[in-house]
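Overview (structure and organization)
Residue strings, one per chain:
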Amino acid sequence: MTAISNHRSYPLDPPRFVDAPPMLRAVGVTKRYRHVNAVESADVEVYPGEVLGIVGESGSGKSTLLRLLNLEEQPETGEYTLNIPGVTGQNLFALDRFARREVQIQHIGMVYQNPFLGLRMNFTSSGNVAERLLITGERRYETLRTKARTSLLASEFPIDRMDDPPRVLSGGMQQRVQLAKALALQPQLLLLDEPTTGLDVSVQALVLDTLKRLQRERHITIVIVSHDLGVIRTLSDRVIVMRYGRIVEVGLADQILNDPQDAYTQQLVHAKL
Amino acid sequence: MMLEQLTTPQSDYSYAYLDPYAKRELRRRILKAIALPGYQVPYASRELPIARGWGTGGLQVTLSLVGPESIVKVIDQGADDSVNAANLRRFIARMSGAQTTTDAVEATLIQSRHRIPEEILSEGQALILQVPDPEPLRAVEAEISRAREMHADADYGQMWLVLYEQLVRYKQYVQGASYPAMVGGRYMISPSPIPRWDNPKLHQAAHLTLLSAGREKRLYAVPPYTDVYPLEFEDIPFQVEDQSGRVCKTTGVTNKFMNELPQPDGTVDYDLSDSGYALKLAASRAGEEVTVGATYYDDEGNFYHDGYLKPPILSA
């Protein structure tokens, strides 16, 4: 089989995110903790089906930015819109508690670096996934079981352990439970906060494979925060570089990682132990 | 007229132990609780001559409602004669001059821990339940301020997670006490540590139920004729404890809530948990003139509201 026929049988998707309007748009986001400017007038745009990487050193504000995008915290200033039917055009930072939670549950999935933040360690893994469905009003036990199972299978979790509590699972499996939980309601936006940090390299590669596959299959829009440039290089289409709460450089992943323009980015990319 | 005639005579204690201001506060809180069925009303829990955790919440409510014309019954784990019940009953009677009884039908105030009597209570009766932990959401939300927000938003979805866990592990609802219930379609309550057997008795009850937690300083109410539905999945109905095949060894009654009495030879005997009811049955057998009231569950175990309890779904 030649390369050309191969190309014909698997035609490339048209470049969706080039002319589509941004799926996520946050403008002028500023967050302060007392005298610390955690995030300062950050502008973020993510296009449908795109993977945006946020890199930067510890304390650069990348996790804070992600928490703001997950509507967990309120910024001092800024506007945040998602181009999803039902919430288009609304500034999500201005929503009341009830509406905010609705958006958070229905449209955004989040995976934390620390599984203790995202999971109930003493409840079953399937229960953790089912919780998302319960919050949206699912009250049939059989449906919950089926959906939790489907979601766990999609995140490549060993299904015979679906009723074990995350407490007794390995780090990689815990992250898969978190992923299954985040994807249970099939959100259009997935936020990943250092999803593979703390896992050993082989497990990390497997989790990244799963993420890549899910992204390809479901065209989910992903924002991933990591200080590991390898992870960013594997997953992301575009990259934001942050330092001291400011965005210092934005560009295509290859461009940023191979030909950084900003002095700090150059330093970051070339830094090796 | 003498000043002496206008004032109440000097005494060592206020009537019913609590001072008038405490009683007034409690009565106001009770009115608020009745107005908002299931809503936990905070109140200033007063010091009493018993320790917190021994029924101070229930006792304060009883003391604020009791009068010389009241007839008081105190239940502890279904029994009238346990130390705690006897102590509380004596204290209430001594401080208020109220009559006491073991007859659930005759009593006007029933303070209880763990049980609702087997005989159907009627209008005009008040059942006061002692509550150790009023917050049903504690099972899923450790932060109490967040739990209050969830009550405000009627955001109770996560409570089904507790049931889900029970079904995964045991294939049935196994929670033995404080089984959560929705009151009036709005607030979720933890109905004190009554067994699941007693949960349905709160539904459309003719009597007033007041639940009070002295240590946690909260009280809430199920007013008469209010809907109370225990939590359940749509495809797996709520079940009460199975009492079939259990026969009370003293009265021969079946299909009532039983105490299990392990015997030295390894067998198990059963005894009616509701001792007041057992006394009445024994007395009527002995030919004394007592009227045994109708019970919530009949001798076949059918609940008095037809169709309220659904048959179990037996799955493979």
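Note that the coordinates shown come from a computational prediction; the quantities given were computed from them, not determined experimentally. (Residues numbered from 1 in each chain as written. Chains lettered and ligands numbered in written order. Predicted model: local features only at pLDDT ≥ 70, side-chain atom pairs only at ≥ 80, totals over all residues.)

Overview of the overall build of chain A
A tally of helices and strands in chain A yields twelve helices and nine strands. A compact globule built from 273 residues should have a C-alpha radius of gyration of about 19 Å, and chain A, at 19 Å, falls within 12% of that. When the backbone C-alpha atoms are referred to their principal axes, chain A occupies close to 60 × 55 × 40 Å. Counted over contacts in chain A with a minimum sequence separation of 6, partners at least 24 positions apart contribute 66%. (Helix = DSSP H or I, 4+ residues; strand = E, 2+ residues; numbered from the N terminus. Rg over C-alpha atoms; globule rule 2.2 N^0.38 Å. Contact = placed C-beta atoms within 7 Å.)

Notes on the interface of chain B and chain A
Where the parts come together, the accessible area they lose is often given as the size of the interface. The interface of chain B with chain A comprises 13 residues on the first partner and 16 residues on the second. Of the residues in the side of chain B that touches chain A, the class split is seven nonpolar, two polar and four charged. (Nonpolar A, V, L, I, M, F, W, Y, C, P; charged D, E, K, R; others polar.)

Focus: the sheet that holds strand β8 (residues 208–213) of chain B
Residues and elements named next belong to chain B. Taken in spatial order, the seven strands of this open sheet run β1-β9-β8-β5-β4-β2-β3, and their pairing is mixed. This sheet does not close on itself; its edge strands, each paired only once, are β1 (41–42) and β3 (99–100). Summarising the sheet, β8 and strand β9 (residues 218–222) pair through five bridges and their orientation is antiparallel. Bridge pairing links S212 to L219 in β9. On the sheet, helix α3 (residues 56–65) packs against β4 (109–113), β5 (126–130), β8 and β9 and is oriented at approximately 150 degrees with respect to β5. (Pairing = 2+ DSSP bridges. Axes fitted to C-alpha atoms, helices over the stretch in contact; angles between N-to-C directions.)

Focus: the pairing of strand β5 (residues 108–111) of chain A
All names here are of chain A. Of the two faces of β5, the one holding I108 and M110 and the one holding G109 and V111 are both buried throughout. Taken together, the four bridges between β5 and strand β6 (residues 189–193) define a ladder with parallel strand orientation. Each residue of the ladder has a partner; that of I108, found in β6, is L189. (Buried ≥ 20, exposed ≤ 12 C-beta atoms within 10 Å, placed from the backbone.)

Notes on the domain arrangement of chain B
Residues and elements named next belong to chain B. For chain B, the assigned domains are domain 1 (20–230) and domain 2 (242–301). Once you take the C-alpha centre of each, domain 1 and domain 2 turn out to be 24 Å apart. In this assembly, 17 residues from domain 1 lie in contact with 13 residues from domain 2. For the side of domain 1 that touches domain 2, the per-class residue count stands at seven nonpolar, two polar and eight charged. (Domains from an automatic or database assignment.)

Some points on the packing of helix α8 (residues 171–183) of chain A against helix α9 (residues 201–218) of chain A
Residue and element names in this part refer to chain A. One way to put it is that α8 packs onto α9 with a least axis distance of 10 Å and a crossing angle of 15 degrees. In terms of their interaxial angle, α8 and α9 are classed as roughly parallel. Of the two elements, α8 crosses α9, and the hand of that crossing is right-handed. Here α8 contributes G172, Q175 and L183 to the contact with α9, which in turn contributes V203, L206, V207 and L214. Each residue belonging to the contact of α8 with α9 can be placed in one class, and the counts come to five nonpolar, two polar and no charged. (Parallel < 35°, antiparallel > 145°, perpendicular 65-115°, else oblique. Left-handed = near helix turned anticlockwise from the far one by under 90°.)

Side note on α3(B)
All names here are of chain B. For α3, a buried count of ten out of ten residues is recorded, marking the element as mostly surrounded by other parts of the structure. What α3 keeps buried is the set T56, G57, G58, L59, Q60, V61, T62, L63, S64 and L65. Where the residues of α3 are buried, they touch α2 (20–35), α4 (83–96), β4, β5, β8 and β9.

Quick word on the nonpolar core
A:L191, A:V223 and B:L210 are the most contacted members of the largest nonpolar core, which has 143 residues in total. The element that contributes the greatest number of residues to this core is α8(A), accounting for six residues. Mapping this core onto the domain boundaries places at least three of its residues in each of domain 1 (20–230) and domain 2 (242–301) of chain B. In contact with B:L210, other than residues within four places in its own chain, are B:I30, B:A33, B:V61, B:A126, B:I128, B:L219 and B:A221. (Core = buried A, V, L, I, M, F, W, Y, C linked by C-beta atoms within 7 Å.)

Topic: helix α6 (residues 159–170) of chain B
Counted at 1.5 Å a residue, the expected span for α6(B) with its twelve residues is 16 Å, and the 17 Å between its end C-alpha atoms agrees. Within the span of α6(B), buried status applies to B:M159, B:W160, B:L161, B:L163, B:Y164 and B:E165. Summarising the contacts, the buried residues of α6(B) are in contact with α6 (125–135) and α7 (141–154) of chain A together with β7 (187–189) of chain B. Where α6(B) ends, the next residue or the one after it, B:K171, has phi of about 65 degrees, a positive value. (Expected span 1.5 Å × (residues − 1).)

Comments concerning the environment of B:A51
Along the chain, B:A51 turns up in the loop between β1 and α3. On a C-alpha basis, the gap between B:A51 and B:R215 in space is 9.3 Å, while along the polypeptide they are 164 residues apart.

Considering the sheet that holds strand β3 (residues 51–56) of chain A
By definition, the strands of a sheet pair up through backbone hydrogen bonds, in either a parallel or an antiparallel sense. Residues and elements named next belong to chain A. Pairing within the open sheet is mixed, and its six strands lie in the order β5-β6-β7-β3-β8-β9. Here the strands that pair on one side only, and so sit at the sheet edges, are β5 and β9 (246–252). Across the sheet, the axes of successive neighbouring strands diverge by a mean angle of 15 degrees, strand direction being ignored. Both strand β8 (residues 238–243) and β9 contribute to a ladder of six bridges, which runs antiparallel. Paired with R243 across the strands is R246, a residue of β9.

Some details on unusual backbone geometry
The backbone phi angle of A:E194 is positive, close to 45 degrees, even though this residue is not glycine. Mapping A:E194 onto the fold places it in the loop between β6 and α9. On the basis of neighbour count, A:E194 is assigned to the partly exposed category, with 19 C-beta atoms found within 10 Å. Of note in the backbone geometry, B:K217 takes a positive phi value of approximately 60 degrees without being a glycine. Following the sequence through the fold, B:K217 ends up in the loop between β8 and β9. Of the residues examined, B:K217 has 18 C-beta atoms within 10 Å and is grouped as partly exposed.

Looking at the pairing of β8(A)
All names here are of chain A. Along β8, six of the six residues are buried, which leaves the element largely enclosed by surrounding structure. Side chains R238, I240 and M242 project from β8 onto one buried face, and the interleaved V239, V241 and R243 project onto a second face that is buried too. As judged from the five bridges shared by β3 and β8, these two strands associate in the parallel manner. Looking at the pairing, I54 lines up with I240 of β8. In textbook terms, the turn of a hairpin is the stretch between consecutive antiparallel strands, and for β8 and β9 this stretch comprises two residues, one of which, Y244, has a positive phi near 50 degrees.

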